[in-house]
Amino acid sequence: MSSKLVRKWGNPLFELCMIVAAVITFIPIYYLIVTTFKTPEDATLFPLALPSSLNFANYMEAWTTMQYPRVFLNTLIVTVTSVLGIVLFSSMAAYSLARRNHAFNRFLFMFFLAGMMVPFQMGLVNLYKLINALGLMDHLAAVTVVNIGTGSIIAIFLFHSFFLSSVPIELEEAAFIDGCSVFKTFWLIAFPLLKPVIATVVILSTLNVWNDFMNPLLFLQSRDNNVILLEVFRNVGQFSVDWTSLFPMLLMGVAPLMIFYLAMQKYIIKGVAAGALKG
Amino acid sequence: MNTKMRLLKREFDYQILILPVLIFYLLFCVYPFLSTFYYSFTDYSNMKLTNLKFVGLENFRSIFDSDLLMISIKNSLIYALLMTVFQTTFGLILAVFLDRKLKTKNILRSMFFLPAVFSPLIIGYLWSYLMSTSDFGLINSAITALGFEKINFLGNPDLALYSVVFTQLWQWTGWAMVIFLANLQSIPKDLYEAAEIDGANSWRKFWKVTLPLMQPSVNVVAVTAMIGGLKVFDIIFALTEGGPGNSTETIMTAYIKTVFNEGFYAKGAAFGVVFFIAVMMITMVMMSFLRKWGENTR
């Protein structure tokens, strides 16, 4: 009798528990969203209630205080250039490392892989000096070049294993016999076959670069060149008391990635799993 | 001769393809890393930028005299260990639960994963409001409404580090879950059928079939949680700035303070070297431990 009961109600009951757990997990984000529409009094008295009206005044204010279009554009520039650089340069290198398996390349591959375990942050002072010496200080390019350096390690690894497991070499050999150069073969024949792993690399690097705070903090000083997170950081100091003004800024700080996630969640979840397990 | 030249050029072209990424890697990762070793033996500071003197192990000794640095190592170890253990455990439990046939499976998965998309900095600011002891602190309002005393999550030195860990488990458990789920789905179903025929209950099936085959994902999640935990910065910066006292200082926050606020470059470099050696040792120990576990369960 009891096992029959378990069979009939066990699963729905279990599912209900999971839903409750998911809702509890979601509360902080729900709270962030509803608070942006409230006055301080409303937010203190009924923190979890739906807003009584959709008051966008907080947003308008945050939009201008943060100079949102500019910081958004800066973040976008840094992210797009970094991700493009990572995808292009890493896939090129991985192609060569996968197709030319001589001792020197094997060494290079290990040399890149070793970087996964090294906490490169320990060299920040020297990196700071280097960026200064290169004249990149307070340029968006500073963040981009550092991102390409650190972000390429995992990308090379993912591209490399994809070349070995899923890109047939026969096409490339045929192309070479037809007189195709290495660069042309890579670009016209091998690169287009990389789509699935490019998706993975793009997703992982976009999340990393967009959410990166330390590099912009160190390398971008002037307000004209700052990114979304720096602007949030700047304003938290000034608005910590006036918290209903701050919440729209926090939400606008995460909104672009939230939209990216809502639109692409299937690919993002797949990409995260693939990035972790393809090793 | 012509074909020989052509083949040689081809090999050359292949090596050229590696060059761009190698330059970025050497310049922005390897060079700063290696020069740290050099500076760790000098008297380099913001007061002394040139004419550096070799001071032997002086900088390494000064680490032991610094409360900030010693506490930060301890805190980072506690933080990384807690993150590793609980992120792996909770992620695994969540993944096994969501691997069952549920109608809302996909929505649940997306909801648990959502916090991982956000920047830890902003998550930190959000939680500093949620955990606040003032009137708008959501968690403390709930606690007082239930008739208990307010808890000073971030202001109590004995509690602050664990509060930070809590927010990060909230943020990253879904990430671990996604990786575990992908691994779970790759386990052939007939293994479970075979175990059922042998009379195994679901608990035994988990221990004897699922867990051993989950080794690849457990490895990845545990090792990245450990390395990421030792490197933690953003969330601390946003939630506590290392306080109260030094109770939530981590290796990275202490490093940044030593180097960029106090200007002790060489001391920071020595600390970085210690950090590097610690990460290497911990990772090695963990990997051999995980490998042994993998061999034993097989």
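Located above this text is the structure these notes cover.
In this text the structure is predicted, and so the values were computed from the model without any measurement.

The rules behind each value
Residues numbered from 1 in each chain as written. Chains lettered and ligands numbered in written order. Predicted model: local features only at pLDDT ≥ 70, side-chain atom pairs only at ≥ 80, totals over all residues. Heavy atoms only, no water. Helix = DSSP H or I, 4+ residues; strand = E, 2+ residues; numbered from the N terminus. Rg over C-alpha atoms; globule rule 2.2 N^0.38 Å. Buried < 20%, exposed > 50% of the residue type's maximum accessible area, 1.4 Å probe, protein only. Contact = heavy atoms within 4.5 Å. Areas by Shrake-Rupley, 256 points an atom, 1.4 Å probe, with all protein chains shown as cover. Salt bridge = Lys/Arg side-chain N within 4 Å of Asp/Glu carboxyl O. 1 Å grid on protein atoms, 1.4 Å probe; cavity = no way out; pocket = protein on both sides within 12 Å on 5 of 7 lines; lining within 4 Å. Points joined across faces, edges and corners; volume = space filled by probe spheres on them. Nonpolar A, V, L, I, M, F, W, Y, C, P; charged D, E, K, R; others polar.

Peer 1: Please explain the overall build of chain A as it appears in this structure.
Peer 2: Check the secondary structure of chain A and you find 13 helices and zero strands. Computed over the C-alpha atoms, the radius of gyration of chain A is 24 Å, more than 25% above the 19 Å expected from 2.2 N^0.38 for a compact globule of 279 residues. Principal axes of the C-alpha set define a box for chain A whose edges measure 75 × 70 × 35 Å. Within chain A, buried positions represent 52% of all 279 residues. Long-range pairs, those at least 24 residues apart, make up 73% of the contacts in chain A between residues at least 6 apart in sequence. Summed over its atoms, the accessible surface of chain A is roughly 12,700 Å², and 71% of this surface lies on carbon and sulfur atoms.

Peer 1: What is the right way to read unusual backbone geometry from this model?
Peer 2: Among all residues except glycine, the phi angle is most often negative; among peptide bonds, the trans geometry is most common. Residues and elements named next belong to chain A. In the Ramachandran plot, Gln67 falls in the positive-phi region, its phi being about 50 degrees despite a non-glycine side chain. Mapped onto the fold, Gln67 is located in the loop between α3 (57-65) and α4 (68-99). Within the chain, Asp138 stands out as a residue other than glycine whose phi angle is a positive 65 degrees. Inspection of the secondary structure assignment puts Asp138 in the loop between α6 (124-133) and α7 (140-166).

Peer 1: What should I look at first to understand the pattern of salt bridges in this one?
Peer 2: A pair can form between side chains of opposite charge whenever their charged atoms are brought close. Across all of its chains, the model carries nine salt bridges over all chains by this definition. When the shortest N-O distance is used, the salt bridge between Arg61 of chain B and Glu58 of chain B registers 3.2 Å. With Arg61 of chain B and Glu58 of chain B both in helix α2 (residues 58-65) and three residues apart, the pair spans about one turn of that helix. According to the relative accessible area criterion, Arg61 of chain B is partly exposed, its value standing at 44%. Note that Lys257 of chain B is salt-bridged to Glu249 of chain B, the shortest N-O span being 2.5 Å. In this structure Glu249 of chain B comes out as buried when scored by relative accessible area, which is 2%. Connected via shared salt-bridge partners are Arg223, Glu231 and Arg234 of chain A.

Peer 1: Where do I start with empty space enclosed by the protein in this structure?
Peer 2: Applying the stated criterion to the full structure yields two cavities of 30 Å³ or more. Approximately 70 Å³ is the volume attributed to the largest cavity. Around the largest cavity sit Thr75, Val78, Val143, Asn147, Val209, Trp210, Asp212, Pro216, Val227, Ile228 and Leu229 of chain A, which together line it. Of all the secondary structure elements, the ones that give two or more residues to the lining of the largest cavity are α4, α7, α10 (195-211) and α12 (228-239) of chain A. Looking at the lining of the largest cavity residue by residue, the classes come out as eight nonpolar, two polar and one charged. Approximately 40 Å³ is the volume attributed to the second largest cavity. Lining the second largest cavity are Met122, Val125 and Asn126 of chain A together with Thr36, Tyr39, Tyr44, Tyr255, Tyr265 and Ala269 of chain B.

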